[in-house]
Amino acid sequence: MARRILNRKDLRADFEAAERVKQDDDEEVEEEEEGEDEDEEEADEEAEEEAAPEVDEAAAEEEEEEEKPKKKKKKEPKEPKPKPKPRSRAAKIVRMKVVWGVFNNSNQRIAVYEYPKRKDADEHAQRLTADKKSTHFVQPVKEPIEEKKEA
């Protein structure tokens, strides 16, 4: 069964009409709330009118009409706050030293030798390879230098 093609312009017009009705209802609710405040003001005005000579009623109606359509003021964009300058913290500099590490096939460190003792590290790796029948190798490793704190 074929469906009728919807006319988008008609749907848009219907939607806009419904929006206008909704806005009118909202304005009426606001006016009713304002009306309660205005009732008090009108009572004060009536008392003043009785004491004062009659004012042109047409002018008074025009003033009321001018008051009714209150336009919402657009909020002025606030000046953006200046971004705070990022604090640059001096990174703690950790001094590093290079040592020779003897490793097995699983990359587990077996032994550590100071940098000038590379020959000892190579010999140790060869002995382990021959004894345990698995490969061992030497690789440079960087470690932090432990500084002694003087009390």
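Residues numbered from 1 in each chain as written. Predicted model: local features only at pLDDT ≥ 70, side-chain atom pairs only at ≥ 80, totals over all residues. Heavy atoms only, no water.

Visitor: Any chance you could explain the pattern of salt bridges here in plain terms?
Guide: Opposite charge on two side chains permits them to pair, given that their charged atoms come into close proximity. This model, assessed by the stated rule, comprises 3 salt bridges. Arg109 serves as the salt-bridge partner of Glu143, at 2.9 Å between the closest nitrogen and oxygen. With Glu143 in strand β3 (residues 136-144) and Arg109 in strand β2 (residues 109-114), this residue pair connects regions lying 34 residues apart in the sequence. For Arg109, a relative accessible area of 41% corresponds to the partly exposed category. Here Asp122 ties to Arg118 by a salt bridge, and the two come within 3.5 Å at their closest N and O atoms. (Salt bridge = Lys/Arg side-chain N within 4 Å of Asp/Glu carboxyl O. Helix = DSSP H or I, 4+ residues; strand = E, 2+ residues; numbered from the N terminus. Buried < 20%, exposed > 50% of the residue type's maximum accessible area, 1.4 Å probe, protein only.)

Visitor: I keep staring at the packing of aromatic side chains and nothing clicks. Help me out?
Guide: Taken as a whole and assessed by the stated rule, the structure comprises 2 aromatic pairs. On the basis of an interplanar angle of 15 degrees and a centroid distance of 5.4 Å, the ring pair of Trp100 and Tyr115 is categorised as stacked. Here Trp100, found in strand β1 (residues 96-104), pairs with Tyr115, found in the loop between β2 and α3 (118-132); they are 15 residues apart in sequence, far enough to count as distant. Between Phe103 and Phe137 the ring centres are 5.8 Å apart and the planes differ by 20 degrees, which places this aromatic pair in the stacked class. A residue pair is termed long-range when its members are at least 10 positions apart, and Phe103 in strand β1 and Phe137 in strand β3 qualify at 34 residues. The exposure class assigned to Phe137 is partly exposed, which follows from its relative accessible area of 28%. Lying across the ring of Trp100, Arg118 places its NZ or CZ 4.3 Å from the centre. (Phe/Tyr/Trp six-rings, centres within 6.5 Å; stacked < 30°, edge-to-face > 60°. Lys NZ or Arg CZ within 6 Å of the ring centre and 35° of its normal.)

Visitor: Which parts of the structure should I look at to understand unusual backbone geometry?
Guide: When glycine is set aside, most residues are seen to have a negative phi, and most peptide bonds are trans. Of note, the phi angle at Asn107 is positive, near 60 degrees, even though the residue is not glycine. Within the element layout of this structure, Asn107 appears in the loop between β1 and β2. Despite not being glycine, Lys133 has its phi angle at roughly 55 degrees, a positive value. Secondary-structure assignment places Lys133 in the loop between α3 and β3.

Visitor: Is there a simple way to think about the nonpolar core in this case?
Guide: One recurring pattern in soluble globular proteins: nonpolar side chains tend to sit buried together. The biggest cluster of nonpolar side chains holds 8 residues, and these are Trp100, Val102, Ala111, Tyr113, Ala121, Ala125, Leu128 and Val138. The set of elements that each furnish at least two residues to this core consists of β1, β2 and α3. Counting residues per element, this core draws most heavily on α3, at 3 residues. With near-sequence residues (within four places) excluded, Trp100 lies in contact with Ala111, Val112, Tyr113, Glu114, Tyr115, Lys117, Arg118, Ala121, Val138, Gln139 and Pro140. (Core = buried A, V, L, I, M, F, W, Y, C linked by side-chain atoms within 4.5 Å. Contact = heavy atoms within 4.5 Å.)

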